[in-house]
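Structural overview for review
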Amino acid sequence: MATFQVLIDSELTAPEAWRRLLDLQAHSAVIPLTTVTGDVLEADRLIDGSRFVARTGVGPLAVDDAMVVESIVPPTVHAAGSVRIRKRGNVVRGRIELRIAPATTGCTVAWWQRIGVRGVPGVLDPLVSRVARAAYGRALRRLLAGA
């Protein structure tokens, strides 16, 4: 599986960065050809066991990335928060770990991800890591900017 990390220093407070990054409806707006659906899509309503699906593609040429929240602890202005999400689809597997910690001038965001796609050989993991890191980094920065 490919692994990558994105680190971002933000001027936002930790709770505001959390709200923006875990507003799952906003992911549909910043990730090309992707729509996120689920029973709960707002950061303040996500709990352990929340399930959602990111569907990427066009028509029948789409892939469902089914995910479940395994653990979630929102940050405060004084304490870090984290969420662990497991990718449980038939095509996309892996996990996401997000940690947001207060800093002197805002917060620090650490997004770590392990991703595997059925049919993509492990020899391509370094390329997948580079491409995914760039794509997720761009999406995370857009989410933080409120785009």
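What comes next is a walk through the structure. These numbers were taken from a predicted model, which means no experiment stands behind them. (Residues numbered from 1 in each chain as written. Predicted model: local features only at pLDDT ≥ 70, side-chain atom pairs only at ≥ 80, totals over all residues. Heavy atoms only, no water.)

Right, let's talk about the packing of helix α1 (residues 14-21) against helix α3 (residues 125-145) for a bit. Where α1 contacts α3, the two axes come as close as 8 Å, and the packing angle between them is 120°. Between α1 and α3 lies a crossing whose hand is right-handed. Listed contacts from α3 to Ala-17, Arg-20 and Leu-21 of α1 are Leu-140, Leu-143, Leu-144 and Ala-145. Here the residues of the contact of α1 with α3 are counted per class, giving six nonpolar, no polar and one charged. (Axes fitted to C-alpha atoms, helices over the stretch in contact; angles between N-to-C directions. Helix = DSSP H or I, 4+ residues; strand = E, 2+ residues; numbered from the N terminus. Left-handed = near helix turned anticlockwise from the far one by under 90°. Contact = heavy atoms within 4.5 Å. Nonpolar A, V, L, I, M, F, W, Y, C, P; charged D, E, K, R; others polar.)

Looking now at the packing of aromatic side chains. Inspection of every chain in the model, using the stated rule, returns two aromatic pairs. Between Phe-4 and Tyr-136, the ring centres sit 5.4 Å apart and the planes meet at 40°, which makes this aromatic pair tilted. One end of the pair, Phe-4, is in strand β1 (residues 2-10); the other, Tyr-136, is in helix α3, with 132 residues separating them in the sequence. The class for Phe-4 is buried, based on a relative accessible area of 4%. Cluster of aromatic residues (ring-pair linked, three or more members): Phe-4, Trp-111 and Tyr-136. (Phe/Tyr/Trp six-rings, centres within 6.5 Å; stacked < 30°, edge-to-face > 60°. Buried < 20%, exposed > 50% of the residue type's maximum accessible area, 1.4 Å probe, protein only.)

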